[in-house]
Amino acid sequence: MGGLDIAKVRASFPSLRTGYIFADNAGGSQTVQPVIDNIVDYLSNTNVQLGADYSTSVQSTQRVSGGSVAAALLFNAASVDEVGYGPSSTMVFENIARALDHDIHPGDEFIITEEHEANNGPWKRLAERSGAVVKYWRTTAVEEGNPYSFTYKTENLLSLVSHKTRLVAITACSNILGEIYPIQDIVTALRRRAKEVGAPKVEVSVDCVAYAPHRRIDVQKWDIDYCVFAVYKVINSLTLEFKTKLTPYAQLYGAHNAAFYIRATVLESSLKSLAHHFLAVHDSPQKIQVGGPGYELVHGASGVVPYLLSLTPENKLEASFAAIAQHEQGLLRPLLSFLTDKQQYDRGVRLVGTNTVDPSRVPTVSFVVTGQRAIKSKDVVAEFDKEGDIGIRFGHFYAVQPYHPCDAEAGPR
């Protein structure tokens, strides 16, 4: 397997011609040229209603259908009838939760993480409406004496499973900790435990917003029921330049919308339609699409897969994501080496999460400067702002719960 041709990659992103360093990486970044071309072409030439018999509408319908093909490939879904698009990951999860209203009963239990609120808030609100109970899979300390070093452990999740467990909502990669979780192993252990305790119906929802930029999603292999990622956060190779001699790269494949997967059997049996009452969408992803998605953005997404395939000579998504992962490790190693150096540690620099450099870690790095010479994170970011031509940020990044050990101002990322 060859490495990434970074010159070729950078040339695919018009915004990088300015020289600006887009290091607000996990928050979303820049758009690849084929996606831009598709959006402009759709709006210029086929911006009409779908489903009519005249030629432009036929072409428009075909283009939107191509977006579903792209989503099915990116999820590795069994069928295009299991995928769709929405305005954001938060809105998609909210619609799924609304469609589940009739299938959730008082006393049912939801297990959720302390992660990205998009895959938390909708389930908490559903629990309030239905009388379900919310349980939290909480983080565990990793480094004794360091309140910023924590992770999730599967055994803690399994201890929460009972005969009342109805839904488990987890993340494939933390957008704060930068840690990838072994979803296939977790779900296998979860389903085994659910069977042991007699839980009759357990569905699994996976937030891939922070995972999709870095690794290949495989909903079939993972054996999950719901999966969502934000297309505008599907970034390629990236890094935050922080007193290191790294070349910054920040790329985004798609536009500002989200793609979702719902297992076919679940789509048919668990969800009630939110669509217009006269639409026959019993087994269609249109069940949770209140109105249509932005058609130009869906067509834009069809430019993602060809770009990804072009990254390696194998012309396979698996090879492209493997090359991305390999490149990211090279970017991550010197950054973490600097931040965890004894001099920085004595200065009060602490990584949020773990300091592992291996395929279980992506180059999303959060840290604090604490101790007697503490620096508020907003002041760290302000120093970068003074330099100009670089963008990083601080805060909780819509993952408020993992920050409970941290200062409210903590967390440049």
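Just above sits the structure.
Rules of the game
- Residues numbered from 1 in each chain as written.
- Predicted model: local features only at pLDDT ≥ 70, side-chain atom pairs only at ≥ 80, totals over all residues.
- Heavy atoms only, no water.
- Core = buried A, V, L, I, M, F, W, Y, C linked by side-chain atoms within 4.5 Å.
- Buried < 20%, exposed > 50% of the residue type's maximum accessible area, 1.4 Å probe, protein only.
- Helix = DSSP H or I, 4+ residues; strand = E, 2+ residues; numbered from the N terminus.
- Axes fitted to C-alpha atoms, helices over the stretch in contact; angles between N-to-C directions.
- Parallel < 35°, antiparallel > 145°, perpendicular 65-115°, else oblique.
- Left-handed = near helix turned anticlockwise from the far one by under 90°.
- Contact = heavy atoms within 4.5 Å.
- Nonpolar A, V, L, I, M, F, W, Y, C, P; charged D, E, K, R; others polar.
- 1 Å grid on protein atoms, 1.4 Å probe; cavity = no way out; pocket = protein on both sides within 12 Å on 5 of 7 lines; lining within 4 Å.
- Points joined across faces, edges and corners; volume = space filled by probe spheres on them.
- Pairing = 2+ DSSP bridges.
- Phe/Tyr/Trp six-rings, centres within 6.5 Å; stacked < 30°, edge-to-face > 60°.

Caption draft 1: Up close: the nonpolar core. F75, I217 and I224 are the most contacted members of the largest nonpolar core, which totals 70 residues. With six residues, helix α3 (residues 55–75) is the largest single contributor of residues to this core. Of all hydrophobic cores here, the second largest spans 25 residues; its members include I96, A97, I112 and I262.

Caption draft 2: View of the packing of helix α2 (residues 33–45) against α3. Close contact between α2 and α3 brings their axes to 11 Å; oriented N to C, the two are set at 155°. Between α2 and α3, the interaxial angle falls into the category roughly antiparallel. Crossing of α2 over α3 shows left-handed handedness. Contacts between α2 and α3 involve D41, Y42 and N45 on the former and, on the latter, T56, S60, R63 and V64. Taken together, the residues that form the contact of α2 with α3 break down as two nonpolar, three polar and two charged.

Caption draft 3: How the structure looks around the layout of surface pockets. Roughly 570 Å³ of volume is contained in the largest pocket. Along the walls of the largest pocket sit 25 residues, with L50, V64, Q286, Q289 and P293 positioned nearest its centre. Listed by contribution, the elements that provide at least two residues to the lining of the largest pocket are α3, β2 (83–86) and α10 (295–301). Of the residues contributing to the lining of the largest pocket, the split by class is 14 nonpolar, ten polar and one charged.

Caption draft 4: Expanded view of the environment of V92. Tracing the chain through its elements places V92 in helix α4 (residues 89–99). Accessibility expressed as a relative area gives 3% for V92, which makes it buried. Considered as a pair, V92 and P122 are 30 residues apart in the sequence and their alpha carbons are 9.4 Å apart. Look past the residues within four positions of V92 in its chain and what remains in contact with it is G86, V228, A258, F260 and I288.

Caption draft 5: Fine view of the sheet that holds β2. Judged by pairing direction, the sheet is mixed, and its seven strands sit side by side in the order β2-β10-β9-β8-β7-β3-β4 without closing on themselves. Edge positions in the sheet fall to β2 and β4 (133–137), since each of these pairs with one other strand and no more. Averaged over all adjacent pairs, the angle separating strand axes in this sheet is 20°, with direction ignored. The pairing of strand β9 (residues 226–230) with strand β10 (residues 258–262) spans five bridges and is antiparallel. Across the sheet, the residue bridging to C227 is Y261, located in β10.

Caption draft 6: Up close: the packing of aromatic side chains. Within this structure, the stated rule accounts for seven aromatic pairs. Relative to F22, the ring of Y20 has its centre 5.1 Å away and its plane inclined at 50°; by these criteria the two rings are tilted. Given the relative accessible area of 22%, F22 is considered partly exposed. Ring centres of Y152 and Y181 lie 5.6 Å apart, and the angle between their planes is 85°; on these two criteria the pair is classed as edge-to-face. Placement of Y152 in the loop between β6 (150–151) and α6 (154–158) and of Y181 in the loop between β7 (165–171) and α7 (183–197) is noted, with a sequence separation of 29 residues between them. For the pair Y152 and Y181, one class covers both residues: buried.

Caption draft 7: Here's a closer look at unusual backbone geometry. Backbone geometry at N76 places phi at a positive 55°, although glycine is not the residue there. Structurally, the position occupied by N76 is in the loop between α3 and β2. Phi at D389 takes a positive value of approximately 60°, unusual for a residue other than glycine. Mapped onto the secondary structure, D389 falls in the loop between α14 (377–387) and β13 (390–391).

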